[in-house]
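Chain by chain, the residues run as shown.
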Amino acid sequence: MSHEPEVAAAVYLAGTLDAAERERFEEHLLACEQCWGEVRTAHRGRALGESLREVAPQALRERVRASVAAASRSDQRRRRRPLVVVAVAVAVLAVVTGSLLSRHGGGDQPAVIAAAVASYRTGSLEGSAASPARPPVRRAGDLEWRGARQGRLAGLPVVAYDYRDAGGGHVTLLLADRSFPEAVGASHPPGTAIWVAEVDGVAVLCADRPSPSLLVGRDRTEVLLAASRLGLH
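Parameters and conventions
- Residues numbered from 1 in each chain as written.
- Predicted model: local features only at pLDDT ≥ 70, side-chain atom pairs only at ≥ 80, totals over all residues.
- Heavy atoms only, no water.
- Helix = DSSP H or I, 4+ residues; strand = E, 2+ residues; numbered from the N terminus.
- Buried < 20%, exposed > 50% of the residue type's maximum accessible area, 1.4 Å probe, protein only.
- Contact = heavy atoms within 4.5 Å.
- Polar contact = N/O pair within 3.5 Å; in protein donor to acceptor, adjacent residues only side chain to side chain.
- Core = buried A, V, L, I, M, F, W, Y, C linked by side-chain atoms within 4.5 Å.

Draft legend 1. Region of the structure containing the overall build of the chain. Along its length, the chain carries nine helices and eight strands. In the chain, which comprises 233 residues, the proportion classed as buried is 41%. A separation of at least 24 residues holds for 53% of the contacts in the chain among residues at least 6 apart in sequence.

Listed below in structure tokens is the structure:
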């Protein structure tokens, strides 16, 4: 079994393993603290928390402290303080998350990454033409290869392989002859050579093995699962 705890946990939680594979992985969980930790924390959004973790600006922290202090001064308001604190916390999270997403959005990304996300959204590719290239695999779980195109991403020549499933799932595998630049805000799953990022609401995964590859899809779990099926590492 390839020992990539985050990928293995995502595949396990996605429910795509057959009975024998699931049994083997559950036996593996008894002895592997890394894989068990990934399974245990997946539902708490660990990856998202790590990618967005940042201390709030000093001015914002000062306003939060002042609001909480004001809420606790009055006996009448003390009964409502849990609601006030929750509201303040939600407001802080919204401001900080919005700021981070803005900084980590397409405008701040390397041109190739921004172009890859735009290509995924629009289905177009600069200088696009049909490619005779065969896909690495024809199926990736429920995703089936639907065609290949060649073109450029911000001047970088690539071949794009589109995979879709019956439920509307869609990922695009982009292959190049040199490494892709790393996205702003990317995280590196422990024990792997890949990086994963969210750019303008689109999940992006990059691997240099078996060849420089960029996998783009609508959410992190779908992209991790497809990457495992495609043998990216």
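Draft legend 2. Spatial organisation of helix α1 (residues 5-13). Most of α1 is tucked away, with eight of its nine residues classed as buried. Taken together, the buried positions of α1 are occupied by P5, E6, V7, A8, A9, A10, V11 and Y12. Remark: G15 follows α1 within two positions and exhibits a positive phi of approximately 75°.

Draft legend 3. Summary view of unusual backbone geometry. Of the consecutive residues R209 and P210, the connecting peptide bond is found in the cis state with omega at 5°. With respect to the helices and strands, the residue P210 is situated in the loop between β7 (202-207) and β8 (213-217). The phi dihedral of D200 is positive, around 55°, even though this residue is not glycine. As for its position among the elements, D200 is in the loop between β6 (195-199) and β7. For D200, a relative accessible area of 43% puts it in the partly exposed group.

Draft legend 4. Inspection of the side chain of T172 at higher detail. As for its placement among the helices and strands, T172 is situated in strand β5 (residues 170-175). Within polar-contact distance, the side chain of T172 engages the side chain of D162 at 2.9 Å. In this structure the side chain of T172 is engaged in a polar contact, spanning 3.2 Å, whose partner is the side chain of H170.

Draft legend 5. Just the nonpolar core, in detail. Counting residues in hydrophobic clusters, the biggest one holds 35 residues, and the most contacted among them are F25, Y161, Y163, L173, L205, L215 and L232. Elements with a minimum of two residues in this core: α1, α2 (19-31), α3 (33-42), β3 (143-153), β4 (156-164), β5, β7 and α9 (220-230). Ranked by size, the runner-up nonpolar core spans 23 residues in total, among them A176, A183, C206 and V216.

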